[in-house]
Amino acid sequence: GQQVMQIPQYQHVQEGEDFTTYCNSSTTLSNIQWYKQRPGGHPVFLIQLVKSGEVKKQKRLTFQFGEAKKNSSLHITATQTTDVGTYFCAGLRAGGTSYGKLTFGQGTILTVHP
Amino acid sequence: DGGITQSPKYLFRKEGQNVTLSCEQNLNHDAMYWYRQDPGQGLRLIYYSQIVNDFQKGDIAEGYSVSREKKESFPLTVTSAQKNPTAFYLCASSAPRAGGSTDTQYFGPGTRLTVL
């Protein structure tokens, strides 16, 4: 079955440092979504990427979708303590019949030290 | 105020008992999902439903059952056959787009189930 691997599992940074998490799928994706889960909370949608090579920005967050549509990354510039949480990628398999069925990566737990 | 509600937030049960987790949404979404999250783990799909009176097994359906009698409701039963039921359970809904694409999934606050 489809697998989505996400690295690193944990990342500890000092406030102001940059952070990147990477997502790799075993199969070509139709699209990929990113979610953030604050400690004790539930996942909240951040963004969706659909096109090959697509790059989207949300303030200090930059999201990329690979040319082959099998990998993606999330980069945070100058982290703040409010960025703490777990970041998940979730992919929809291209050409699949599982309508709307996302496969989630394991998540990257980000800790920001003030 | 639209959204997804899950109740209760914390649930304790004795081993061998079935327990049903509630999930209700007023977003008018067709699709609903149940995920399980273990500490330090990602989200694993238990069951999903694209439309009323229809549902499909996800990746870890064994020991769980669901029903979808109403568009707004998608309750999950954790049966005694589930060998390791203690986990954080998340319900989500989405409004799938035509052509096989997928829309944002909106998550409920979750139910933390502990089996003693």
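Rules behind the numbers
- Residues numbered from 1 in each chain as written.
- Chains lettered and ligands numbered in written order.
- Predicted model: local features only at pLDDT ≥ 70, side-chain atom pairs only at ≥ 80, totals over all residues.
- Heavy atoms only, no water.
- Phe/Tyr/Trp six-rings, centres within 6.5 Å; stacked < 30°, edge-to-face > 60°.
- Helix = DSSP H or I, 4+ residues; strand = E, 2+ residues; numbered from the N terminus.
- Buried < 20%, exposed > 50% of the residue type's maximum accessible area, 1.4 Å probe, protein only.
- Lys NZ or Arg CZ within 6 Å of the ring centre and 35° of its normal.
- Salt bridge = Lys/Arg side-chain N within 4 Å of Asp/Glu carboxyl O.
- Pairing = 2+ DSSP bridges.
- Axes fitted to C-alpha atoms, helices over the stretch in contact; angles between N-to-C directions.

For the packing of aromatic side chains, give the residues involved together with the corresponding values.
Counted under the stated rule, the structure contains 13 aromatic pairs over all chains. Centroid distance F19 of chain A to Y87 of chain A: 5.9 Å. Interplanar angle 45°. Geometry classified as tilted. On the criterion of sequence distance, the pair formed by F19 of chain A in strand β3 (residues 19-25) and Y87 of chain A in strand β9 (residues 85-93) is long-range, its members being 68 residues apart. The same class applies to F19 of chain A as to Y87 of chain A, namely buried. Ring geometry for Y33 of chain B and Y48 of chain B: centres 6.4 Å apart, planes at 10°, overall stacked. Of the two residues, Y33 of chain B is situated in strand β4 (residues 31-37) and Y48 of chain B in strand β5 (residues 43-51); the sequence distance between them amounts to 15 residues. The class for Y48 of chain B is buried, based on a relative accessible area of 5%. Ring pairing ties together the aromatic residues Y35, F45, F88 and F104 of chain A together with Y33, Y35, Y48 and F107 of chain B, which thus form one cluster. Sitting over the face of the ring of F74 of chain B, R68 of chain B holds its NZ or CZ atom 5.9 Å from the ring centroid. Above the face of the F88 of chain B ring, R112 of chain B is positioned so that its terminal group lies 4.3 Å from the ring centre.

Give me the lowdown on the pattern of salt bridges, citing residues and values where you can.
Residues and elements named next belong to chain B. In the structure shown here, the tally under the stated rule is 6 salt bridges over all chains. Note that D38 and R36 form a salt bridge whose closest N and O atoms lie 2.9 Å from each other. Overall, the relative accessible area of 4% leaves R36 in the buried class. Residue D38 pairs with R44 through a salt bridge whose shortest N-O separation is 2.8 Å. By relative accessible area, which is 35% here, R44 ends up partly exposed. A single salt-bridge network, built from bridges that share partners, covers R36, D38 and R44.

Before we move on, can you summarise the pairing of β3 of chain A with the specific residues and values?
Regular strands show a simple pattern: their side chains alternate between the two faces of the sheet. All names here are of chain A. Among the 7 residues of β3, 5 are classified as buried, and the element is accordingly described as predominantly covered. Inspection of the sheet shows β3 paired to strand β8 (residues 71-76) by 6 bridges, in the antiparallel sense. Counterpart to Y22 in the pairing with β8 is S73.

Account for the sheet that holds strand β8 (residues 76-78) of chain B, with residues named and values stated.
Paired through backbone hydrogen bonds, the strands of a sheet run either parallel or antiparallel to each other. Residue and element names in this part refer to chain B. Read across the sheet, 4 strands follow the order β1-β3-β8-β7 without closing on themselves; strand pairing throughout is antiparallel. A single partner strand is all that each edge strand has here, and the edge strands are β1 (4-7) and β7 (64-66). Strand-to-strand twist of the sheet, defined as the mean angle between neighbouring strand axes without regard to direction, takes the value 20°. Note that strand β3 (residues 19-25) and β8 share 3 bridges and pair antiparallel. Each bridged residue has a counterpart across the sheet, and for L21 the counterpart in β8 is L76.

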